[in-house]
Amino acid sequence: MPGFELWSDKERKEVNDVLETGILMRYGFDGPRKGIWKSKELEAAICKTFGSQYAQLTSSGTSALTTALSALGIGYGDEVILPCFTFVASFEAMLSAGVVPVFVDVDDTLTIDPAAVRKAITPKTKAVMPVHMCGSMADMDALTAICKAHKLLLLEDACQSIGASYKGKTPGTIGDAGAFSFDFVKTMTCAEGGAVVTNHEAVYLKCDGYTDHGHDHQGIDRGADLHPFIGYNYRISELHAAVGLAQIKRLEEFLAIQKKNHAHLKSILAQVPEISFRRLPDPAGDSCTFLSWFLPTEEITRAVINEMKILGILAGHFYWYDNNWHYIRKWDHLKNATTLNALHPDLKGQVIFHATKDFAASDAIMSRCVSTAISLLWTEEQVREKGEKIITVIKKVLREQNITA
Ligand SMILES: *Cc1c(COP(=O)(O)O)cnc(C)c1O
């Protein structure tokens, strides 16, 4: 997931355009900016690249999620169903909007299990928020059917899935809205930034105002804009948008490299029958930022991770089960609802209740899963070496545990 790995003169050129005029803000200053509108250009490029009607840039993926929740009218008293394997930002955005995050299990797609979603629906459920983890999209047919049947909103956390698709459709265009992240380690980066994408004009217009103190952006004089509702400041700067504009033009190039390296590494690991791979709801739509693989048991997986650590080859491989950013098991701050200011006591109680439920079905999957981040810089030789080192370790562990000869 590393657009920053190929930092180039193209990014420098776009940033320099902005430095030349010194107009670092995305709104106003029409004369002095001399026709340079990087944020507007990037929004247009997002729509064109991903086939969405509207895109609203934000300061981060987290603020894109917060903005989308608010624009969809999701707030106090509402429950939103999301997977227990995601990034902490998914629930942070919900808490900032006063929403109850209702965590449910993931399945072997590493995304939300539609059967678990069905079981978690209550009269208070307002939306389902699948998270397209590790570069591949959730089972959107099943989730769309559930949302239709129960009249729920569908908001896609697409922060990790730029460049992915599901049956030809891009993230954020199947549900009511989607959120992208352009933080420093995502497939394309702005350094910091995000976007809400949607096909609904009303949702877009709310995002537009919400991210800029409620400005309606209807007048020619920013100071005279009306404020039809209360907003916040989740604006992106022109400098950040400039980086993103260079990167989106290179996205095809990044994805092609990822796909090539991913296929090569997968073909090597596939030689070991004990290794299985993540199930993909639409294999053609994998953006290939990660190769996610499973071993037969937690014990074997831990032994392999341990051996890789000893050999100094663990960098770039993620054992999410022990990770305290991405999997619920280690989110103690959430389980205790530790916040700096007081949460409403009802919300606090609900947060603790849902964060401390039993996720045995997810544990059984996540405890056997390793994701290998696919680099844009690897040579063919390096992929081969990496793959061979991994299978040497796995075969050694399997032998030691008397799994195979
Ligand atoms: C990165 C990420 C976010 C948040 O994006 P930021 O730009 O870092 O705020 C949200 N959800 C998921 C799944 C992510 O990976």
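Below is a short write-up of the structure.

About the thresholds
- Residues numbered from 1 in each chain as written.
- Predicted model: local features only at pLDDT ≥ 70, side-chain atom pairs only at ≥ 80, totals over all residues.
- Heavy atoms only, no water.
- Buried < 20%, exposed > 50% of the residue type's maximum accessible area, 1.4 Å probe, protein only.
- Helix = DSSP H or I, 4+ residues; strand = E, 2+ residues; numbered from the N terminus.
- Pairing = 2+ DSSP bridges.
- Near = heavy atom within 4 Å.
- Polar contact = N/O pair within 3.5 Å; in protein donor to acceptor, adjacent residues only side chain to side chain.
- Areas by Shrake-Rupley, 256 points an atom, 1.4 Å probe, with all protein chains shown as cover.
- Nonpolar A, V, L, I, M, F, W, Y, C, P; charged D, E, K, R; others polar.
- Phe/Tyr/Trp six-rings, centres within 6.5 Å; stacked < 30°, edge-to-face > 60°.
- Lys NZ or Arg CZ within 6 Å of the ring centre and 35° of its normal.

## Focus on the pairing of strand S1 (residues 54-58)
Thought 1: Of all five residues that make up S1, four are buried, and the element is covered over most of its length.
Thought 2: Strand direction decides the pairing type here: S1 and strand S7 (residues 194-198), joined by five bridges, are antiparallel. Bridge pairing links Thr58 to Gly194 in S7.

## What about the site of the ligand?
Thought 1: Close to the ligand lie 15 residues; Gly61, Thr62, Ser181, Asp183 and Lys186 are nearest.
Thought 2: A distance of 2.7 Å is found between an oxygen atom of the ligand and a side-chain nitrogen or oxygen belonging to Ser181.
Thought 3: Separating an oxygen atom of the ligand from a side-chain N or O atom of Asp183 is a distance of 2.6 Å.
Thought 4: Coverage of the ligand by the protein amounts to 94% of the 380 Å² it exposes when considered alone.
Thought 5: Among the elements of the structure, helix H3 (61-71) and helix H4 (89-96) are those that each provide at least two residues to the shell around the ligand.
Thought 6: Grouping the amino acids of the shell around the ligand by side-chain chemistry returns four nonpolar, eight polar and three charged.

## Description of the packing of aromatic side chains
Thought 1: What the rule picks out here adds up to 17 aromatic pairs.
Thought 2: Relative to Phe180, the ring of Phe50 lies with its centre 5.2 Å away and its plane at 45°, an arrangement referred to as tilted. A residue pair is termed long-range when its members are at least 10 positions apart, and Phe50 in helix H2 (residues 38-50) and Phe180 in strand S6 (residues 177-181) qualify at 130 residues.
Thought 3: Since its relative accessible area comes to 8%, Phe50 is described here as buried.
Thought 4: Phe180 sits in the buried class, given a relative accessible area of 0%.
Thought 5: Between the aromatic rings of Tyr54 and Tyr204, the centroid separation amounts to 5.0 Å while the plane-to-plane angle is 10°, which identifies the pairing as stacked. One end of the pair, Tyr54, is in strand S1; the other, Tyr204, is in helix H7 (residues 201-210), with 150 residues separating them in the sequence.
Thought 6: Every member of this aromatic cluster is reached through a ring pair, and the members are Phe85, Phe290, Phe318 and Trp320.
Thought 7: Over the ring of Phe87 we find Lys186; its NZ or CZ atom is 5.7 Å from the centre of that ring.
Thought 8: Stacked on the ring of Phe277, the Lys or Arg Lys266 has its end atom at 5.0 Å from the ring centre.

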